[in-house]
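Summary of structural features
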There are 2 protein chains.
Amino acid sequence: MGRIREFDEEKVLEAAMQLFWEKGYEATSLSDLTSRMGIQRPSIYSAFGDKKGLFEAALRKYTMSRASDVRTKLHNNPSVKEAFSTFFEDVVAEEYTEGLSRGCFCINTMVELAPHDEKFEILTREHQMYLSVIFQETIERGIQSGELEPHIDAKALSQALIVSLIGLTVIMKSRPNRSFVDNSIKVTLSLLK
Amino acid sequence: MGRIREFDEEKVLEAAMQLFWEKGYEATSLSDLTSRMGIQRPSIYSAFGDKKGLFEAALRKYTMSRASDVRTKLHNNPSVKEAFSTFFEDVVAEEYTEGLSRGCFCINTMVELAPHDEKFEILTREHQMYLSVIFQETIERGIQSGELEPHIDAKALSQALIVSLIGLTVIMKSRPNRSFVDNSIKVTLSLLK
DNA sequence: CAAATAACATACTGATCAGTATGTAATAGA
DNA sequence: TCTATTACATACTGATCAGTATGTTATTTG
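The shown structure was predicted, so the numbers you read here are calculated from the model rather than taken from an experiment. (Residues numbered from 1 in each chain as written. Chains lettered and ligands numbered in written order. Predicted model: local features only at pLDDT ≥ 70, side-chain atom pairs only at ≥ 80, totals over all residues. Heavy atoms only, no water.)

What about the relation of the copies chain A and chain B?
Note on the chain copies: they are related by a rotation about an axis and a translation along it. Rotating chain A by 180° and translating it 0.0 Å along the rotation axis places it on chain B, where the RMSD comes to 0.0 Å. Between the two chains, the operation in question is that of a two-fold axis. Among all residues of chain A, the one whose C-alpha sits closest to the rotation axis is A:G167, at a distance of 1.8 Å. (Least-squares fit on C-alpha atoms with pLDDT ≥ 70 in both.)

Have a look at this one:
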């Protein structure tokens, strides 16, 4: 009963996600959001609670989509070494292609909000832990197939690769020379033996 | 001629630095600043121009002090491997000791401002490049002393270590298990052979 | 001491912030 | 068709934002 909604919640959430991803939480105003989402202020509040609630919904949407992407990319390549090098190169290519370096929405949030808001500390941590498990599974697959040496510590190595991926994503925001990131990746991935 | 200044510019700048470091640029208001710096609003504007100018001065103070610290820590230890492992462990210890994880002021700025303000893109990039040179010099010292293998690419390795250090600093904001960061460091520093 | 200068403190500016009150339009069930 | 309900758009709220105008106090120079 009652009037039916005219906007698609998934679509406006996608728009909000893009905006928060670009500008962060504090620098994004409700006016920015209404114009980008194409709906009025009270619609936002009725659908998502408040600004923090909308941000959280946007971040959850991002992390779920991102985790799925990472899983697909790493699982689809039969060669583990190639899977990782292609994955890291894709991350770099995306960042240098776009005019604005948005980086990773989750990492941005880890820096801006996690230290001051436990909800986001947990949310961002769990996303990184999940990615780390995907990395670990991939490395273990490489060990079992014989592509990687059997003695390596898959868990510890996956954690080191996650840390490198984060560092890479962050330093690209300062637009270093391409050689800097290429060198870093080459050296880091030499750990995959 | 005229009344003499009652505040110490270095001291109030130090206070501003601490606040911006904790909260970032957007989340820090002029009211926050006046109360923490202990001076009135017009004094800030006469000494530092505007909010961005104050932030820039604070960041420059930070990066200079930080670069000096890093140089000292890495140069003072005769063993290069030990210098790096102590250095990384110190970074972790500091972050897990304090209640709030401030991380690195420069890295925080790289995420918040560098993508939207070229001045900070350059400033943060140059700081990271400078740290990378300090790392490289240290690695080269290890090669010359015979502690490290002669064939390693000191430049590329130093860049990979910088990337790992950034990733480590960022992920600690989500307070992962200590074992996660310990594993990462152990694996990454295994590149120093 | 008088004039000039500069830092001081208070209080203000218009703009913008997140969030909401209010009235209208559209839908469902009775 | 009437009533209840929900979404809509407009316009408003008090609070806070960055930055400044104004007048006072302290110091130097003549």
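Points about the UniProt feature "DNA-binding region" (unreviewed entry) in chain A
Mapped onto this numbering, the UniProt entry annotates "DNA-binding region" (unreviewed entry) at residues 29-48 of chain A. Secondary structure over residues 29-48 of chain A splits into 80% helix and 0% strand, and the C-alpha atoms at its two ends are 15 Å apart. (UniProt positions renumbered as here; feature names shortened; annotations may be inferred. Helix = DSSP H or I, 4+ residues; strand = E, 2+ residues; numbered from the N terminus.)

Considerations on the packing of helix 8 (residues 154-171) of chain A against helix 9 (residues 178-189) of chain A
Residues and elements named next belong to chain A. Closest axis-to-axis distance for the helix 8/helix 9 pair is 11 Å, and the angle between their directions is 180°. In terms of their interaxial angle, helix 8 and helix 9 are classed as roughly antiparallel. Contacts from L161, S164, L168 and I171 in helix 8 reach F180, V181, S184, I185, T188 and L189 in helix 9. (Axes fitted to C-alpha atoms, helices over the stretch in contact; angles between N-to-C directions. Parallel < 35°, antiparallel > 145°, perpendicular 65-115°, else oblique. Contact = heavy atoms within 4.5 Å.)

Some remarks on the protein's contact with DNA strand C
In the neighbourhood of DNA strand C, 22 residues make up the surrounding shell, with A:L30, A:Y45, A:K51, B:E6 and B:Q40 lying closest. Among the atoms of DNA strand C lying within 4 Å of the protein, the sugar-phosphate backbone contributes 66%. A:R3 is positioned such that a nitrogen or oxygen atom in its side chain is 3.3 Å from a base nitrogen of DNA strand C. Within the side chain of A:R41, an N or O atom sits 3.1 Å from a base nitrogen of DNA strand C. Elements with a contribution of two residues or more to the surface near DNA strand C: helix 2 (30-37) and helix 3 (41-48) of chain A together with helix 3 (41-48) of chain B. Examining the composition of the surface near DNA strand C, we find that 3 residues originate from one element, helix 3 of chain A, more than from any other. Tallied by class, residues from the surface near DNA strand C come to 8 nonpolar, 7 polar and 7 charged. (Near = heavy atom within 4 Å. Polar contact = N/O pair within 3.5 Å; in protein donor to acceptor, adjacent residues only side chain to side chain. Nonpolar A, V, L, I, M, F, W, Y, C, P; charged D, E, K, R; others polar.)

Details of helix 1 (residues 9-23) of chain B
Residue and element names in this part refer to chain B. With 15 residues, helix 1 extends 21 Å between its outermost C-alpha atoms, agreeing within 8% with the 21 Å of an ideal straight helix rising 1.5 Å per residue. Where helix 1 is buried, its residues contact helix 2 (30-37), helix 3, helix 4 (51-76) and helix 6 (105-112). Of the residues one or two after helix 1, G24 is the one with positive phi, at around 85°. (Expected span 1.5 Å × (residues − 1).)

Side note on the protein's contact with DNA strand D
Not every one of the 23 residues close to DNA strand D is listed here, only the nearest: A:E6, B:R3, B:L30, B:Y45 and B:K51. Sugar and phosphate atoms constitute 66% of the interface atoms of DNA strand D, taking the interface as everything within 4 Å of the protein. Residue A:S43 places a side-chain N or O atom 3.2 Å away from a phosphate oxygen belonging to DNA strand D. B:Y45 is positioned with one of its side-chain polar atoms (N or O) 2.9 Å from a phosphate oxygen of DNA strand D. Counting residues per element, the ones that place at least two in the surface near DNA strand D are helix 3 of chain A together with helix 2 and helix 3 of chain B.

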